[in-house]
Each structure stands twice: as structure tokens, then as C-alpha cells.
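Commentary on secondary and tertiary structure
The residues making up each chain are set out below.
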Amino acid sequence: MMDRPSDGRLALLLLLGHMITALEVPLDPKLLEGLPQPPTITHQSPKEYIVDPRENIVIHCEAKGKPHPSFSWTRNGTHFDIDKDPKVTMKPHSGTLVIDISGGEKADAYEAVYQCTAHNQLGSALSNRIIIRQSRSPLWSKEKFSPIVAQEGQSLVLHCRPPAGLPPPIVFWMDNNFQRLPQSRRVSQGLNGDLYFSNVLLEDSRSNYICYARFPHTQTIQQKQPIAVHVIDLDSLNDTMADYFNDTDLFSDKPVDERAPVFLVPSGSLSSQMVLRGEVLELECIADGLPTPAVSWTKLSGEIPGRRASLMNFNKTLRISDVSEADAGEYRCAAGNRLGSVHHTITVSVRAAPYWISAPRNLVLAPLETGVITCRARGHPKPHIRWSMNGLPIEDAPKDPSRKVEDDSIIFSEVQTGSSAVYQCNASNQHGYLLANAFVNVLAEPPRVLTAPNKVYQVIENRPALLECLFFGSPVPAVTWFKDSRSGMLEGDPYVFHKNGTLEIHVSQAVNGGKYTCVARNNLGISENHVYLEVKEPTRILRPPEYRVVQRNRDVLFECKVKHDPSLIPSTSWLKDGGELPDDDRFRAHLDSLTIRGVTESDAGTYTCVTNTSLDQDSASARLTVVGQPDAPTDLELTDPGARSVQLTWTPGHEHNSATKKFLIQYEDGLHQSGVWLNLTEVPGTKTTAHLKLSPYAHYSFRVLALNGVGYSRPSIPSRQYRTNPAAPDENPSEVKGHGTEHNNLVITWKPLTGLQANGPGLQYTVLWRQQGVEKDWTSVSVANVSKFVVSGTPTFVPYEVMVRAQNAYGPGPEPAAVIGHSGEDFPSAAPGMVAVVVLNSTLAEVHWEHVPARSVRGRLQGYKVHYRRERSLHRHNSHHGEQRSESFGPNRTRGKLPDLHPFSVYSLHVTAFNSRGEGPASATQRYETPEGVPGVPSFFRVSASDLDSLTLEWAPPHERNGRLTGYTLRYQTVNSSHDVGLLDEMDLLSNQSSVTLHNLHHSTRYKFYFSAKTQQGSGPALTEEAVTILHRAMVSPQVDIATQGWFIGLMSAIALLILILLIVCFIKRNKGGKYPVKEKEDAHGDPEIQPMKEDDITFGEYSEEDRKPLRVSRTPSSGTVPRDGSEDSLVEYADSGDTQFNEDGSFIGQYSGRSGPPSPVINSLV
């Protein structure tokens, strides 16, 4: 064995190991095409290769290299000449062997150890040693089994013992119907295939316990002969055996006793088991016992690994997968029942076939470079390392001064061209071996950048960016990076430079975007490449969906507003509870929202909005809770019955995600109000029971409604009927009153008891009364089915004590309380005295009076009424009478005001006292006068004539003068088109005037007038009017809207009627084919002034000079030739040119206009 390297040499090995990781031959096809490369095994068959004898044998061996390698095989360590065996062929360009056994050859003839060698001019690579074995599924030996007789309660083992196969078979127990036998804690199959009974029962008797073995490689199943088991009790067992042995009892009369557990597997209290690292450890404990024992497992030297361990076969098997060295130790299984327990300790040792710590890797070196190949493996026991070169032991290989073997490493220093080779490392111990190939390829290559040119990298802001610069070269090139203008080499923050050439930016910002250049250099040349980085804005959900609580059958909307980089195209999807949305038309997913129409309870859950771009995504979730009215309570039950109470319980219905606030209990009285449900009581939503207080003599049914945040549930199904017994009334009628309707009676009224309040049949009322302070004894009467009683012959308005008592067939109600009432009232007998009137102003007067004597009221005084009327006006022109009016005042008042009087009038009044019976006699009539007031509005006010600089105004006095008129006030001001007003002028007019003409006004100017009448008390409300002075003197027509004048409406109606008649005549003549004379004249003369109408126009018959007389309209012609004395009802001449036409309905379609000149804009503004 070689000496261990010194510390210095170990450091050198580590340094070299670090160096070689920087140069790998990339798997770039274009690069590999031009580089020589030693062979590398790429695919091979497994070390243990079990073949199916019914199929051809294929042993795989594939390899790559430059030039492409050739292949050879060894069989059992010697050269295998495949040309000598016609059944063996090698695939083209491959080392894979195909052995044809379809001609009847036996596969076992080719059972051997095969190894493949791939070689080219740079070296040779070896495959694993492949052991070929034929799969086997032998038959079960023929044997017959006698029936097994077992006493009930005993343990039993049925052996399987399947034939040895390759690979081993899978064992299971079934009956002859291919139904698996049921297994339990009492009956189970062991790891060896045997069937174990901890104790047998009579039901275990069967004649077809069959063990099956399935051979997975050939997919065949072998069946063992059936085993019969008869389980009998003690007496039956003695009787049965006596038949065989001359009536001799072979068993005692004592039955099988219960017993403490004893292990059937494994035996003893200690055992051991070895397992290889990475394999599956199975530990088994099966116990006999009655009752059936329970099995448990513990590890004495640590804890059982939770994730890799599982209990199987009803806790009888502990299975640990992927075993490691930490799983070694002592495991204890315990089996126990109520009679005791038993323990067994299994010592587990873990061994390991060799496994790689650091498998050798290919090494590419430039001439004169240094490198190292390392082969590190572990195992238990420790593996032995053996090196080979091109398939030959390293000791037998050609000597190379640049190569030095150091235990598990080979160090190469100052290698030379031609030193390329493939080295094999074999690490082995007693449990297996590892074989790895690693080549040393001595190359001299200038740098090559393998990353695609002008590649664009996109990254989200604040995320890391990785810009690749994959390269190759020998010696290993040095890589540097530049940005944009290449003003300087990149270094330091925020850049990180990886050994494989990649440039990393930890946190990308917008300023990091741009063009980047990577440059690879070695002593043989230089290569560069350009890439681009684009930094994008992150995708963010600005308005995420929010938690929603929605009632059933309502709609719900989830919003999902997203912001993203403008250059990226987002896509939004919605998830429900992490999965796809239901395939339902009610779900409408839009760009930024999700709508669910008519939600149901199944729609409740978590909804997630997921927004994706090609670079990033964002998501947000919200929960939907669907609430609804609660379901109706169920299972109503009546308990604890009492004379006047019962206990009601119920089961709440589904709350539908909204907590129940309360329960409402309703009742139906089937005796008195069948079909009518009334509220009885309420209880909190946390209770499901209520103690109900009941009334006698009722047939109760109950129902319950639940209330939550959405509303009430449907009523529950009614409870069974509960009847209470009759009893005397618990209460008397309420609202007892005594009052009179006549001056000599007393009417006693009350609110009757309901059927439920009656407490029994035969309900009556005892009515009692006596005059307060006068009578000691009560007068009474019994009545039924009424709510009032009239006492006649009473004094007028005296107090009475009144009572009403209920009684039924079971007795009277409680003693009632007396109520004070009064007999009927009579009209007051006296009138108020000392009536006087004080006039406060023109519309208000105050009346004074004295109280009437109390004895004259003959009842309860309710107040005083003042009756007054306007007799006449003090003005000679207005003397009409007003209607009677009255004002009421309270019983304690001795004065009152009369509002809204007419000024300058004569009034009369009288005062009466009144009670509930009515009014008493009136006081003596008083007369008074109201002073003058301001007048009302004038009867009318209008502009009667207009000129260039003057307007004539007319008016009439007010209908309500309210005094003697002293004159009129006229105020006026100009108004322009934007409604701005000028200075206000004012003038006073005499009371006997009815018109005025204002001179020196501006022509074509609009004026606004305010006109009011006045008395000595001041001016009354004003009338307003507007008018415009004319532009030309001919335009003197008054500003009257003739469209509203009766004469104009009549004239236009006559014209329309005449036109209609003419149209009818024309229509008749045209249908007869007649020709109008006027048409003949037009054709004969061809007067250019009289142009023919269009074919669609309707022409009229002959017309004379009389027809040429102008019609007159309310507009003044523009020529201004109408005389000043023209009446208001004349029409302006209309033009007789061809433009003046009538429609077929007789209406004018030409303009009303003069013979020349445009119409006046001033007149247009007036019309």
C-alpha cells in the first residue's frame, strides 16, 4: 500500500482538484465535432441482468468519442469472439450484443460474466461486469396434505415453502375462487410466505387454503396444493378422535385456556440481522396468544426514523426504507395481551457496498498543464481502490513521467501532447464494487464563446440577473465583462463573476439594462460575444380581491386590478381552492374581475387571481363565504307537561355560515283560532329548549323559526298538540270606561277577553256601577258576548264608579278595580259675557270675554268658539258679504285673536261656550271695522301702443282696493338681450287715471314695467310687463300676441276650411282627367313671372284680380306702408310670387312676407 500524502501534497491535490473543475468539455454538438475525445460509456446493461428465456438476450453497451469508438467483449474474463457464434451479433455503430435464442437454443448456455470495451486512438473505456442469468420459475413439487385438525384457541402455522426462483417469487394466500384470504391482527402472512394464526376460531375452518407464488419476470403464477383446516371445540374433537382410536379420549376435558403471548417468529429473545446501506430493512415479530396479542416496536439505541419507517402487517412488520448507518442498533418488539407480554430484541448491523464520495471526472488539459483525477468511495468494510489505464492495471500500463498515482488520486504534471488516455477506478469490498471511467484529454484550443450571440435576457426589477458566457478553450480562458461603450472592465458591486463565465447582478435596476460584452482569452487567442439585458417593471396586483360574504342566489364580484410592464403581455387566470374554476356558465372571468352569478353554497371557498407574464407572476386570494337563511328546526319534542307549562326542545337546522341569533316560538290555538299562528316567546340562538307558560283551556301546537344575519328560516313542522284544562279567568276585561252619549245615560264599555284569556267555557261579564259619593251599594248586571252596557235615567254629568268582572263556568275572575266615569253631558245654558273687540290692525282683531258660570256648563267645558263674518266693505264699489268663519279657544282662555281679516271692512261676531255635547247660547253680536290696508294688484296692466320713442300703457283698478286709492306707482327700466337691466325710473299717477303714454324712449329698446296701486297705507303688490319700442314708425301695431286672439283663431280656421274644400274639388277634377284653365293660360303665354310648379305640387283653378288681393297677417310688411290706423285684426299682405304655395293638406308652405325687402328684425322679436 502507498504511503499517505503529506500535508503539502494534499494541499496541492486539493488545489489541482479545484483547478480541473474549471475546464469541462461542453456537450455542444458543433464543438464536439471538431475536438478529439477519448471514449466515454453512455449506456450499459445492469450488473445483475436476469433475462427471460423466451426472448432474445440483449446486452447494452453504448459509447461516444472522437473518433467514434470500436467495441470488443470479454466473457468470463477472456476475449469473446462474436464472429464464431452465428447466434451473436453486434449492432452497427454500437457495442450492444444481441443473442438470438429463437431457434430453440437455451438461454442458460449464455449465462456468464460479460464486459464491454470501447476504444479509439485516444484510449479505451470499460463497462461494468455484467452477469447474465436466466430467470427461473420452477413448479411446486407434487404433494398431498392431510387435513389439519386444530383445537379452538390454539395457534397454527400454514407453511408455504415456494420453490426457489430467479428472481424470488411474490407469495400470497387465496382460496380456489382466487379471493384473497382475509387477514387481521390475529391472522397474517409472514415475510417467508407462511400464514400465521395467533389463535384459531371455528370460522377458520375451510378446505381451500392455497398458497400462490407469482414470478414477476416471466409473469407466471404457481399454485400449491390446497390445505384443509378443521377447527373444532373440545367435545367435538374427542368425539371425532374416538372414532379413529376405538373410543379413546385423546384430549382432556379441559378447554384451551387464555394464555400470555409467545413469539412464533422469531424464536428466542435475541436475534440479529444485517442490511446493506440504501436497501430496505424489514423486521418481523409474530406472536401466539389468547386473546390476540398486540405488537409494538421501539429502538433501544435511538429513535425509529419517522419519515422512512412504517408499520405494516398489523404492526407485526417494521419497514425502514433507504437504510443508512444511523439505522444500526437494537430494535425491540413487544407482544402483549391482558395476561402478560413478551419481548424480543433484534440487533441490526448496517454494511455498505462501495458508494461514491467523489467519482472521477474527465480532465481536459493543455500541454504542460497540471491536473488530478480523484476517486473517493466509501463502504463497510472500507473499499479497496484499484486503478487501470485503457483497461490495463496501472502497474502494467506504459510508464509516463508526468503521471503519479497517490492512493485514490492520479496527479498529472506538465502533460505532453499524446498523453491522452482513459483511466478506470475500481472501488470494491465484499458487498460489491464500483467502476468508473475518466479520461485525460490533452488539447491545445483557442477560446470559444458558446453562448448564442446577441442573446436578449429579460429580468424583473429587483430580481437577480444571470448573463451567460459559456466558453471553452485549452488552456482555460480567462473571462472579463464590459458594458455598453466598453470604457472599463466590470468589477465590484453590483456584479458577481462566476467561474463558468456567468455574470450575475443580484438586484437588477433599470440602470443595469443595456449591452454587455464578455471576452474569453488564453495564450492561443481571444473570443467575445454580446448579450443584452432588459430590466422590466414587476407585475403587481394593485387591487386584490377582497373577502366577500354573500347571500345565496346573489351575484358576487371579485376585482383584480393589475399593473405590469408595458412591453409584457399579461394573462390572468382564476383558481378556486387551488384548482380550476368549475365548468359553469355562472362563472364569468374577465380581464380584471371575476363574476359569479347566483352563488350557491358549493361556490364557497378561496378564489385566487393569478397574473402571469413571460417573466413573473403575482397572485392574490380572497375567501367567499356563502350565507343563507337557516334551515328550519326539526325534531320538536314536548316534555315536562304541567297544568300551565310545558318544555319544548328542538334540533337546529343548518346555519348556512351565519350564526343563529335567536329562535322564535309560535303557537296555534286549535280551539279558539285554528290556522292562526301567533308569537309566544323568543330564546337566544345558543339554546335549543324553552319553558313555555300556557293558558288554560287551549289546544296548543308549537313551531319554531330560526333567525340569523340573513333572515328567518321557514317554520318547523308543528309539534304534536298539547291541551290545557279549563280554569276560572285570570284577568278581567281591560280598557273599562264610563261616559254618556245622552244627558241622562251612562255607557259602560270594555275590551272583551279573547278566547285564550277566557280560560274556559261560558264566559260572561258582570257589570257594576254606583254614583260616586252618593250611593253605597253597587248595581250589577251579567251580560255575555257584548262589550258595552247602557245605564239609563242618570242625572246629567255626575261621576260614577264602574267595574267589569269576568267569569266562566269554572268561576269568577279576580276582584276588579273601580274606574271613574261620568254620565252624559247637556248643552251649556249660558253665554259668555262682557264680549269686546279690539282691532289691532287692518287684518287682525282681538276678542275678549268672561267665563260662563261652571254650573251652566252641564258637562266638561272644552272651550269657547268665536263666530265672525265679513258683512261688507267700506268702499262703495265693493259691498259683498263674506262667509261665516270661526276660531276655537281653550276652556281657560278669555281672549283670542282673529287673523286674516279684510282691511277696510265691517265685521260682526258672537261667542259661545261648548262641551262634548255641543255649543251653548251665543253672546250678543258685536260689530267692528278694520282700517285701511295696502291694495291688491291692479285688475290688468298692458302695453296698448308702441312707437319709435313712446309706449302707451293701460290698466284697471284692483278688485281688492282695501281702502281709498290715492294713486298708482309706475317704475320702469331698460333690459338688454343678456337680461342686464338699466337704471330704474319711477313716476306717480293719479287714482282716476287708466292710461299713460311714455315719451322720449329709446327706439328698438326693450323696457320692463312694474305697476302697483296705493292707499294711505302704502303701495300694494306690483304687476310686471315688458315691451319694445319699434325700429320704424310704420311698426305701430300693439305688442299683442295675435296667436292667442279669438278673431285670429277664427279667421285661420275659416281659411283652413276653405283650403280643404278647394283641395277636395281639385282632387275630384284631377281624378276625372280635367285640365285646369290656369294651366292652359300658363302654357299659352309662358309668362316668365308665372313659373309652373313642380309636378308634385297641386295647382288651383282660374283666379281673378280678386284673388290677387293680399291676405293680411299679424306681421307688418318690411316696406312699412301699413297706415297707422290699421286695425289689430288685419293681416299683412302675403306675396303672390311663385314661392307662395300650399301643401296637399292646405297649409301654407310659402313665407308671409312683403313684396320687397327683408323682414324687420325688431318685428320678429316682438312676435
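Residues numbered from 1 in each chain as written. Predicted model: local features only at pLDDT ≥ 70, side-chain atom pairs only at ≥ 80, totals over all residues. Heavy atoms only, no water.

**Describing the overall build of the protein chain**
This is how it is decided: The numbering of helices and of strands both runs from the N terminus, where a helix is a DSSP run of H or I of at least 4 residues and a strand a run of E of at least 2. Relative accessibility decides the category of a residue: with a 1.4 Å probe and only protein chains considered, values under 20% of the type maximum give buried, values over 50% give exposed, and everything between is partly exposed. Every residue pair with non-hydrogen atoms within 4.5 Å of one another is taken to be in contact. Surface accessibility follows the Shrake-Rupley procedure with a 1.4 Å probe radius. Residue values consider only the protein chains on display as shielding.
When helices and strands are tallied, the protein chain shows seven helices and 86 strands. Across the 1167 residues that make up the protein chain, the buried fraction comes to 41%. Restricting to contacts in the protein chain with at least 6 residues of sequence separation, those with at least 24 account for 65%. Total accessible area on the protein chain is roughly 62500 Å²; 50% of this is exposed by carbon and sulfur atoms.

**Notes on the packing of aromatic side chains**
Put simply, the rule is: Pairing of aromatic rings covers Phe, Tyr and Trp, the last counted by its six-membered ring, and requires centre-to-centre distances within 6.5 Å; plane angles under 30 degrees mean stacked, over 60 mean edge-to-face, and any other angle means tilted. Our definition puts a charge over a ring when NZ of Lys or CZ of Arg is within 6 Å of the ring centre and also within 35 degrees of the ring normal.
For the structure shown, the criterion picks out 22 aromatic pairs. Ring centres of phenylalanine 80 and tyrosine 114 lie 5.9 Å apart, and the angle between their planes is 65 degrees; on these two criteria the pair is classed as edge-to-face. Remark: tyrosine 114 occurs in strand β9 (residues 112–120) and phenylalanine 80 occurs in the loop between β6 (78–79) and β7 (88–90); sequence separation between them is 34 residues. The exposure classification of phenylalanine 80 matches that of tyrosine 114, with both residues buried. Taken together, the ring pairs connect Phe941, Trp955, Tyr968 and Phe1011 into an aromatic cluster. In this structure, arginine 206 packs its charged tip against the face of tyrosine 209, placed 5.5 Å from the ring centre. One Lys or Arg, arginine 277, reaches over the ring of tyrosine 355 and ends 3.6 Å from the middle of that ring.

**As for the sheet that holds strand β25 (residues 309–312)**
Backbone-to-backbone hydrogen bonds pair the strands of a sheet. The strands run either parallel or antiparallel. We count it as follows: In short, DSSP must find at least two bridges between two strands for them to pair. Axes, fitted as lines to C-alpha atoms, cover a helix only where it is in contact. Angles between the N-to-C directions of the axes lie from 0 to 180 degrees.
Within the open sheet, the three strands sit side by side as β22-β26-β25. Their pairing is antiparallel. Edge strands, defined here as strands with exactly one partner in the open sheet, are β22 (281–284) and β25. Going from strand to strand, the sheet's axes swing by 20 degrees on average, the running direction of each strand aside. Where β25 and strand β26 (residues 317–320) come together, four bridges link them in antiparallel fashion. The residue bridging alanine 309 from the neighbouring strand is isoleucine 320, located in β26.

**Considerations on the sheet that holds strand β13 (residues 156–158)**
Pairing within the open sheet is antiparallel, and its three strands lie in the order β13-β16-β15. Sheet topology places β13 and β15 (187–189) at the edges, where each strand pairs with a single neighbour. In this sheet, neighbouring strand axes are inclined to one another by 15 degrees on average, regardless of whether the strands run parallel or antiparallel. By the bridge criterion, three bridges tie β13 to strand β16 (residues 195–197) in an arrangement that is antiparallel. The partner of leucine 156 across the bridge, within β16, is phenylalanine 197.

**A look at the environment of glutamate 682**
Convention followed: Residues adjacent in sequence count toward polar contacts only when both atoms are side-chain atoms; beyond that, a polar contact is any pair of N or O atoms within 3.5 Å, and within protein one must be able to donate a hydrogen and the other to accept it.
Considering the arrangement of structural elements, one finds glutamate 682 in strand β60 (residues 677–684). Since its relative accessible area comes to 42%, glutamate 682 is described here as partly exposed. Separated by 16 residues in the primary sequence, glutamate 682 and glutamine 666 have C-alpha atoms spaced 8.9 Å apart. Excluding its chain neighbours within four sequence positions, the residues that come into contact with glutamate 682 are Lys662, Phe663, Leu664 and Tyr712. Within the structure, the side chain of glutamate 682 is placed 2.9 Å from the side chain of lysine 662, a separation counted as a polar contact.

**Observations regarding unusual backbone geometry**
Going from lysine 66 to proline 67, the amide bond is cis rather than trans, its omega being 5 degrees. Considering the arrangement of structural elements, one finds proline 67 in the loop between β4 (61–66) and β5 (70–75). The step from serine 474 to proline 475 runs through a cis peptide bond, and the omega angle for that step is 5 degrees. In this structure, proline 475 sits in the loop between β41 (471–474) and β42 (478–483). With a phi close to 55 degrees, tyrosine 697 is a non-glycine residue in the positive phi region. Here tyrosine 697 shows up in the loop between β61 (689–693) and β62 (699–707). Owing to a relative accessible area of 23%, tyrosine 697 belongs among the partly exposed residues under this scheme. The phi dihedral of arginine 858 falls on the positive side, at around 55 degrees, and the residue is not glycine. For arginine 858, the position within the fold is in the loop between β73 (844–850) and β74 (863–873).

**Notes on the state of the cysteines**
What counts here: Disulfide: a pair of cysteine sulfur atoms within 2.5 Å of each other.
Inspection of the entire model under this criterion finds six disulfides. Note on cysteine connectivity: cysteine 61 is disulfide-linked to cysteine 116, with sulfurs 2.0 Å apart. Where cysteine 61 bonds to cysteine 116 through sulfur, the torsion about that S-S bond is close to -70 degrees, and the disulfide is left-handed. Here cysteine 61, found in strand β4, pairs with cysteine 116, found in strand β9; they are 55 residues apart in sequence, far enough to count as distant. Overall, the relative accessible area of 0% leaves cysteine 61 in the buried class. Note on cysteine 116: relative accessible area 0%, which makes it buried. Each sulfur in the disulfide pair cysteine 469 and cysteine 518 lies 2.2 Å from the other. Linking cysteine 469 and cysteine 518, the disulfide has an S-S dihedral of approximately 75 degrees and is accordingly described as right-handed. Of this pair, cysteine 469 sits in the loop between β40 (465–467) and β41 while cysteine 518 sits in strand β45 (residues 514–522), and the two are 49 residues apart along the sequence. Taken individually, cysteine 469 and cysteine 518 each receive the classification buried, so the pair is uniform in this respect. The disulfide pattern of the protein chain is 1-2, 3-4, 5-6, 7-8, 9-10, 11-12 when the bonded cysteines are numbered in sequence order.

**Topic: the pattern of salt bridges**
Put simply, the test is: Criterion for a salt bridge: a side-chain nitrogen of Lys or Arg within 4 Å of a carboxyl oxygen of Asp or Glu.
Evaluated as defined, the whole model comprises 34 salt bridges. A salt bridge links glutamate 445 to arginine 448; the shortest N-O distance between them is 3.1 Å. Owing to a relative accessible area of 13%, glutamate 445 belongs among the buried residues under this scheme. Using a relative accessible area of 28% as the deciding quantity, one classes arginine 448 as partly exposed. Salt-bridge contacts for arginine 964 lead to glutamate 932; the nearest nitrogen and oxygen are separated by 3.7 Å. Remark: glutamate 932 occurs in the loop between β78 (926–929) and β79 (938–946) and arginine 964 occurs in the loop between β80 (951–958) and β81 (967–974); sequence separation between them is 32 residues. Judged by its relative accessible area of 54%, arginine 964 falls in the exposed class. Look at the salt bridges and you will find they share partners, linking Asp584, Arg586 and Asp603 into a network.

**Some points on the nonpolar core**
Applied cut-off: As used here, the term nonpolar core means buried Ala, Val, Leu, Ile, Met, Phe, Trp, Tyr and Cys residues forming a set that is joined through side-chain atoms within 4.5 Å.
With 30 residues, the main nonpolar core has Ile57, Ile59, Trp73, Ile99, Tyr114 and Ile132 as its most contacted residues. It is β9 that contributes the most residues to this core, four residues altogether. If we ignore the near neighbours within four places in the chain, the residues touching isoleucine 59 are Ser45, Tyr49, Trp73, Gly95, Thr96, Leu97, Ile99, Tyr114, Ile130 and Ile132.

**Description of the pairing of strand β23 (residues 286–290)**
In terms of residue burial, β23 counts as a mostly covered element, since five of its five residues are buried. Of the strand pairs in this sheet, strand β20 (residues 259–265) and β23 are connected by four bridges, and their pairing is antiparallel. Across the sheet, the residue bridging to phenylalanine 263 is alanine 287, located in β23.

**Points about the UniProt feature "transmembrane region" (unreviewed entry) in the protein chain**
Threshold: UniProt positions are given in the numbering used here, feature names are shortened, and annotations may be inferred rather than shown by experiment.
The positions UniProt marks with the feature "transmembrane region" (unreviewed entry) are residues 1047–1068. Taken as a whole, residues 1047–1068 contains 100% helix and 0% strand, while its terminal C-alpha atoms sit 32 Å from one another.

**A closer look at the environment of glycine 670**
Note that glycine 670 resides in the loop between β59 (662–669) and β60. What makes glycine 670 partly exposed here is its relative accessible area of 32%. Along the sequence, glycine 670 and histidine 699 sit 29 residues apart, while their C-alpha atoms lie 5.1 Å from each other.

**Brief notes about the side chain of aspartate 175**
As a reminder, the rule being used: For the purpose of counting charges, residues Lys and Arg are taken to be positive, whereas Asp and Glu are taken to be negative. His and the chain ends are not included.
The topology assignment puts aspartate 175 in the loop between β14 (170–174) and β15. One buried charged residue, aspartate 175, forms no salt bridge at all, with the nearest opposite charge on arginine 206 at 4.1 Å. A distance of 2.9 Å separates a polar atom in the side chain of aspartate 175 from the backbone nitrogen of glutamine 179. Contact partners of aspartate 175, with chain neighbours within four places excluded, come to Leu181, Arg206, Asn208, Ile210 and Tyr212.

**Notes on the environment of histidine 79**
Position of histidine 79 among the secondary structure elements: in strand β6. Each C-alpha atom, one on histidine 79 and one on tyrosine 114, is 9.7 Å from the other, the two residues being 35 residues apart in sequence. Histidine 79 has contacts with Trp73 and Thr74, leaving out every residue within four places of it along the chain.

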